[in-house]
Amino acid sequence: MDKVLIRGLEVSACHGVKDFEKVTPQPFIFDADIYFDFSAAAQSDEISDTINYSAASKIIVSVTQNNCFNLIEKLAYECAYAVMEQTSASRIVLTVYKPEAPMKLKFKTVGVTVEVCRERVYLSLGSSMGDRKQYLDTAIEKLNACRGIDVKNVSDYIRTEPYGGVAKNKFLNCAVEIETLLSPRQLLNKIHIIEKECGRVRDKHWADRTLDIDIVFFGKRIISEDDLIIPHPEYHKRDFVLTPLKQIAPDFICPKLLKPLKEIDL
């Protein structure tokens, strides 16, 4: 992937845990790799078809000078998010150096590196308690209100029979396509917060619930962790997941089955 490089961007600002760091400016040095497809710019020779490195640098300067954070980790993420939100970059790797960090040691500099990617993600939502439509509507609104999440498409709501032999009520289900700057783990944490805000109680597996949100696909990533498996291991066996997904993303290619959703049968 093509990328714009920013190297050694120096900004004087106040960031740090100690009291004097919050009032006494010191230098912060930034390196950034901003990923973007330059093919259109190569044809048009127009700056509007690329990432303007001057504009991106000004975004970093603005975030750095108009805030006061304790940690350079926070500063790095805020700068990376701002660049991603204000440009069409697909990914950014950003490093912040703090050469005058208050350490009683001899050193050249200290710093942190963060990476933020723009990913297309597909979620499965379901509800079998209370006002099921309202719970789904509320969940979608809450997702769209989260920084780093942009809801792009929502399937029709479908009524389905309970799955797993525990729930007694019929479900209302849908699929949602989002674009996100969050990592898979960050997104999972946001989902758990939204489920809890909508009254979800995790007391029995497959029981009736006010709201259930599953990450089905996270771009082309394949993840296998104790509490996070992507693609969702059972999605292709569940009509209430697959049917709404086919409606909004028929040509999406499953990274494990290696074929488009429209060709996957239960």
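Cut-offs applied
One numbering rule holds for all chains: residues counted from 1, following each sequence as written. Thresholds applied to this predicted model are a pLDDT of at least 70 for local features of residues and 80 or more for the giving and counting of side-chain atom pairs; totals over whole chains, interfaces and linings are not thresholded and use all residues. Water and hydrogen atoms were dropped before computing side-chain values, which therefore reflect all heavy atoms in the structure. Starting at the N terminus, helices and strands are each numbered in turn, a helix being any DSSP run of H or I of at least four residues and a strand any DSSP run of E of at least two. With a 1.4 Å probe rolled over the protein chains alone, any residue whose accessible area is under 20% of its type maximum counts as buried; one over 50% counts as exposed, and the rest are partly exposed. Every residue pair with non-hydrogen atoms within 4.5 Å of one another is taken to be in contact. Only the protein chains shown count as cover for residues, with accessible areas throughout obtained via the Shrake-Rupley method and a probe of 1.4 Å. By the counting rule applied here, Lys and Arg register as positive and Asp and Glu as negative, while His and the ends of each chain are not counted. Taken as the charge centre is NZ of Lys, CZ of Arg, CG of Asp or CD of Glu, depending on the residue. Here a salt bridge means any side-chain nitrogen of Lys or Arg lying within 4 Å of a carboxyl oxygen belonging to Asp or Glu. We define the nonpolar core as a collection of buried residues of types Ala, Val, Leu, Ile, Met, Phe, Trp, Tyr and Cys that are connected through side-chain atoms lying within 4.5 Å of one another.

J.: Talk me through the overall build of the protein; I want residue IDs and the actual numbers.
T.: Secondary structure assignment for the protein yields 6 helices and 11 strands. Over its C-alpha atoms, taken along the principal directions, the protein stretches across nearly 65 × 50 × 30 Å. Sorting the 266 residues of the protein into buried and exposed places 47% on the buried side. Taking as baseline every contact in the protein between residues at least 6 positions apart, the subset at least 24 positions apart corresponds to 65%. For the protein, the computed accessible surface area is about 14100 Å², with 50% contributed by carbon and sulfur atoms. Averaging the locations of the 36 positively and 38 negatively charged side chains of the protein gives two centres separated by 4 Å.

J.: Help me get a handle on the environment of Val96, residues and values and all.
T.: Relative to the elements of secondary structure, Val96 occurs in strand 3 (residues 91–97). Distance in space between the C-alpha atoms of Val96 and Val110 is 8.4 Å, their sequence separation being 14 residues. In this structure, Val96 is in contact with Phe28, Ile29, Phe30, Ile72, Leu75, Ala76, Val110, Gly111 and Val112, ignoring residues within four places of it in sequence.

J.: I'd like a rundown of the pattern of salt bridges, residues and numbers included.
T.: On inspection of all chains with the given rule, the structure shows 20 salt bridges. Arg118 serves as the salt-bridge partner of Glu179, at 3.5 Å between the closest nitrogen and oxygen. Of this pair, Glu179 sits in strand 8 (residues 171–180) while Arg118 sits in the loop between strand 4 (111–117) and strand 5 (119–127), and the two are 61 residues apart along the sequence. Classification of Arg118 as partly exposed rests on a relative accessible area of 23%. Note that Lys262 and Asp251 form a salt bridge whose closest N and O atoms lie 2.7 Å from each other. Placement of Lys262 in the segment after helix 6 (239–248) and of Asp251 in the segment after helix 6 is noted, with a sequence separation of 11 residues between them. Taken together, the shared-partner salt bridges connect Lys74, Glu78, Glu85 and Arg147 into one network.

J.: Can you lay out the nonpolar core for me, pointing to particular residues and giving the numbers?
T.: Grouped together as the largest cluster of nonpolar side chains are 60 residues, with contacts concentrated most on Phe30, Ile34, Leu94, Leu123, Leu187 and Ile215. Looking at this core, the element that brings in the most residues is helix 3 (residues 72–86), giving 9 residues. Once you skip the residues sitting within four places of it in the chain, Leu123 turns out to touch Leu143, Cys174, Ala175, Val176, Ile178, Leu187, Ile191, Ile213, Asp214, Ile215 and Val216. In terms of nonpolar packing, the next biggest core, distinct from the first, is built from 15 residues, Ala175, Phe217, Tyr235 and Phe240 among them.

Honestly, that's just the spatial picture; any functional story needs more than this.
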